[in-house]
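# Coordinate analysis (summary)
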Amino acid sequence: MAETIPASPLNLSGPVILSTLDEVRARLDRAAAGAPVDLSAVNRLDTAGAWLLGSTGRPVTGADEAQSLLMRKVQDAMPVVDESAARARWRATDMLAGVGLAVQGFIAATAHSLGFVGLVMARLAATLAKPRRLRLTAMVHHMQAVGLNAVPIVALMGFLVGVVLAFQGAAQLRQFGAEVFVVDLIAVSILRELGILLTAIIVAGRSASAFTAAIGSMKMREEIDAMRVLGLDPIELLVLPRLLALMIMLPILGLVADLSGLFGGGLMAWVELGISPSQFRTQLLADVDATQALVGLSKAPVFAAIIALVGCQQGLMVKGDAESLGMRTSRAVVIAIFLVIVVDALFSVFFAVWGV
Amino acid sequence: MEAETVIEIRGLTNRFGKTVVHDNLSLDVMRGEVLGVVGASGSGKSVLLRSIVGLMTPSAGQITMLGTDVLRASAADRAAASARTGVMFQDGALFSALSVRENVEAPMRERLAVDAETRRALADLRISMVGLPPEAGDLFPADLSGGMRKRAGLARALSLDPEILFLDEPTAGLDPIGASAFDSLVTSMRATLGLTVFLVTHDLDTLQATCDRIAVLAERRVLVSGTMAELRNVDDPWVHSYFHGPRAHAALAAAVG
């Protein structure tokens, strides 16, 4: 450095550390350009301080041994700023590419899901051929978790839906003096549609997320990999017990919802319209047969399979980080509920065509 | 300079149900020293570390760190004391939603009013000081190898230029080259920053290369503490087999040769 006029040195004192960085920087900025910095009175210097002194490029005097060692270390570690790295600019075609990527991702995800369903089917068939391979203990455990433990919430939900239907139905039907048909309204809508559909939605929220979170955290801790190298099949161990447990329990939960819905509806009809329980029973048996309930419950195993497969597949797709676990869990619930509603619509069309 | 006690543990007792992990344990850590803590698995090394940094409340006892009674001080005082310490967890414990650079910036962002540009430059400096390549700053923890995660964890622990650094098994799972690079990193940081290091490890090479003093945890207390050479002359059976086993000989031979 060729200095003609030696500038008077800047005497720093006290701590030159991270928390005093701004003050020191202000002092350095005020000092004459090229003036050396004297550290004789500095009692503490940390890496942040050394970085600041190093980045100003001023000569430093009066540093003790530890301080100059630190400054050398920091100087060596200072990353070389790469100015040439140009920022990628946004182009109009990026949007087009984004649409293409989204479509491609959707197709790939659908293909992956179909592959997963096929794999589970194959394992299920193999297990049915050799029923001893079925993990009975795990299955019973999951039956309790997804079935028995869900009974209170499902029963309460069914009861409230029955109450609401009776209440709303009564208000409309009273205008025509057709109050007694509220029984048909409640029975048909709950037994055919609402009982099982709302049960499936609650179970999707409860159990699809639980499946994803449980399997996903196993994936994160490499338990799934451990199973594979031990020659254990994660599909057989983790997916099949959950799938079968849910397929057994969802129809039962649907029946619970149906019964508590009829109970809630009957109660409301009694209170609101004065339809006595015996009148309700007579009307119910006269107009509604078991087919209505069976149509509703016949959908349950399909809904159960959707919920369990989506939950387990999303769990197996979890990557190493916590973010992806959260994303997969919420995606499992959204996809499961969406598919349940879509399939319910397809069932409606199917039953209408067959005239059931 | 007079040796100043930065961590003072008196009568520490930790109980889990009927299991007593520590019983009336006392330990002092002096400023500027590298203290290695060794002990058999289950002897409560991690519990001791977690008690000091305030992650768990001991059943009884007193812990003073940098003049603050960490068990009885107000939350603000405790936070101020913990801002002067850095902890590196065994597997880095990086925040998986943040990139490495954001991980290193996180403590500065929370505790200090530093402008974004300085924060970024300091984070890059830390990342480079722990021996990570500059491009590692943009990576996410899931993309890193085990050794890189440890280094990134160390960079985050150093983020606030702490006075005391707690290291939990810093070299476990590293290859020998990476492990000895880590050892010299600790030694050079101690020399330049005057760091006090509290090191929980099983690695005899690390103990030999970095530690001024080694504390042996056994029988629910600090059985003995001293330099490696002093501990080699202790005739407790566990200590003897620890410091005279084939691995200890190898570590010593490597250090001498």
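This structure is a prediction, so every number in the text was calculated from the model and none was measured. (Residues numbered from 1 in each chain as written. Chains lettered and ligands numbered in written order. Predicted model: local features only at pLDDT ≥ 70, side-chain atom pairs only at ≥ 80, totals over all residues. Heavy atoms only, no water.)

## Notes on the sheet that holds strand β2 (residues 19-30) of chain B
Residue and element names in this part refer to chain B. To keep things clear, this is the line we draw: The pairing criterion is simple: DSSP has to find at least two bridges between the two strands. Numbering goes from the N terminus for both helices and strands, where a helix is a DSSP run of H or I of at least four residues and a strand is a run of E of at least two. Contacts between residues were defined by any pair of non-hydrogen atoms, one from each residue, lying within 4.5 Å. Each axis is a line fitted through C-alpha atoms, taken for helices only over the stretch in contact, and angles between the N-to-C directions span 0 to 180 degrees.
Reading across the sheet, the 4 strands line up as β2-β1-β4-β5 and stay open at both edges, with antiparallel pairing between neighbours. Here the strands that pair on one side only, and so sit at the sheet edges, are β2 and β5 (68-69). In this structure, strand β4 (residues 60-65) lies alongside β5, joined through 2 bridges in antiparallel fashion. In the sheet register, M65 faces β5, and the bridge partner there is T68. On top of the sheet, helix α1 (residues 45-52) reaches β1 (5-16), β2 and β4; it is set at about 120 degrees to β1, its chief contact.

## Overview of the interface of chain A and chain B
So the rule is basically this: Once two parts are put together, the accessible area they lose, assessed with a 1.4 Å probe and summed over both, is termed the buried area. Definition used for salt bridges: Asp or Glu carboxyl oxygen within 4 Å of a side-chain nitrogen of Lys or Arg. Whenever two N or O atoms come within 3.5 Å, that pair is a polar contact, provided that in protein one can donate a hydrogen and the other can accept it, and provided that, for residues adjacent in sequence, both atoms are side-chain atoms. Polar here means any residue other than Ala, Val, Leu, Ile, Met, Phe, Trp, Tyr, Cys and Pro, which are nonpolar, and Asp, Glu, Lys and Arg, which are charged; Gly is therefore polar.
Between chain A and chain B, the contact holds 21 residues from the first and 23 residues from the second. Summing both sides of the interface, chain A and chain B together bury roughly 1700 Å²; the carbon and sulfur share of this comes to 69%. Linking chain A with chain B are 1 salt bridge, by the criterion used here. Between D115 of chain B and R25 of chain A there is a salt bridge, and its shortest N-O distance comes to 3.7 Å. Inspection of the region where chain A meets chain B yields 4 residue pairs in polar contact (both at pLDDT 80 or more). Only α1 (21-30), α2 (47-56), α3 (65-77) and α13 (322-354) of chain A provide two or more residues apiece to the side of chain A that touches chain B. It is α3 of chain A that provides the largest number of residues to the side of chain A that touches chain B, a total of 6 residues. A breakdown of the residues in the side of chain A that touches chain B according to their chemical character gives 12 nonpolar, 2 polar and 7 charged.

## Concerning the confidence of the model for chain B
Definition in use: Scored from 0 to 100, pLDDT records how confident the predictor is in each individual residue.
With 98% of its residues at a pLDDT of 70 or more, chain B has an overall mean of 85. Across chain B, strand β8 (residues 196-200) of chain B holds the top mean pLDDT of 91, while helix α10 (residues 246-256) of chain B sits lowest at 75.

## Some words on the sheet that holds strand β1 (residues 10-16) of chain A
All names here are of chain A. Reading across from one edge, β1-β2-β3 is the order of the 3 strands in this open sheet, with parallel pairing throughout. Of all the strands in the sheet, just β1 and β3 (60-61) have a single pairing partner and so form its edges. In the sheet, β1 pairs with strand β2 (residues 37-45) via 6 bridges, with the strands oriented parallel. Bridge pairing links L10 to V37 in β2. Seen against the sheet, α1 touches β1 and β2 and runs at an angle of roughly 175 degrees to β1. Sitting on the sheet, α2 is in contact with β1 and β2, with an inclination near 165 degrees to β2.

## Details of the nonpolar core
The line we're drawing: Among buried residues, the Ala, Val, Leu, Ile, Met, Phe, Trp, Tyr and Cys ones that are joined through side-chain atoms within 4.5 Å form a nonpolar core. Each residue's exposure class comes from its accessible area (1.4 Å probe, protein chains only) as a fraction of the maximum for that residue type: buried when under 20%, exposed when over 50%, partly exposed otherwise.
Among the nonpolar cores identified, the biggest contains 72 residues, and L250, F303 and I307 of chain A are the most heavily contacted of them. Here the element with the most residues in this core is helix α9 (residues 234-273) of chain A; it accounts for 17 residues. If we skip the residues at most four places from it in the chain, I307 of chain A touches A200, V203, A204, A208, L246, L250, A336 and V340 of chain A. Of all hydrophobic cores here, the second largest spans 71 residues; its members include L21 and V37 of chain A together with L160 and L185 of chain B.

## With respect to empty space enclosed by the protein
Residues and elements named next belong to chain A. The condition that has to hold: Cavity and pocket criteria rest on a 1 Å grid covering protein atoms alone: a 1.4 Å probe that fits but cannot get out defines a cavity, protein on both sides within 12 Å along at least 5 of 7 lines defines an open pocket, and an atom within 4 Å of a point defines a lining residue. Grid points are joined across faces, edges and corners, and a volume is the space filled by probe spheres set on the points.
One pass over the structure, following the stated rule, counts 1 cavity of 30 Å³ or more. As a volume, the largest cavity reaches approximately 30 Å³. What lines the largest cavity is simply M157, G158, V161, I190, L194, G195 and A257. Looking at the lining of the largest cavity residue by residue, the class counts come to 5 nonpolar, 2 polar and no charged.

## Focus: unusual backbone geometry
All names here are of chain B. For L66, which is not a glycine, the phi torsion comes out positive at approximately 50 degrees. Counting through the fold element by element, L66 comes out in the loop between β4 and β5. At R220, a residue that is not glycine, the phi angle is positive and equals roughly 65 degrees.

## A closer look at the UniProt feature "transmembrane region" (unreviewed entry) in chain A
Residue and element names in this part refer to chain A. Convention followed: UniProt positions are given in the numbering used here, feature names are shortened, and annotations may be inferred rather than shown by experiment.
The UniProt record marks residues 101-125, 146-167, 194-216, 237-270, 290-311 and 332-354 with the feature "transmembrane region" (unreviewed entry), using the residue numbering of this structure. Helix makes up 100% of residues 101-125 and strand 0%, with an end-to-end C-alpha separation of 36 Å. From the first C-alpha to the last, residues 237-270 spans 50 Å; its make-up is 100% helix and 0% strand.

## Remarks on the side chain of R232 of chain B
Residue and element names in this part refer to chain B. Note the cut-off: In this tally Asp and Glu are treated as negative and Lys and Arg as positive; neither His nor the chain ends contributes.
By secondary structure assignment, the location of R232 is in the loop between α8 (228-231) and α9 (237-244). The charged side chain of R232 is buried without a salt bridge, its nearest counter-charge being D205 at 11 Å. If near-sequence neighbours (up to four positions away) are discounted, R232 is found in contact with F243, H244, H249 and L252.

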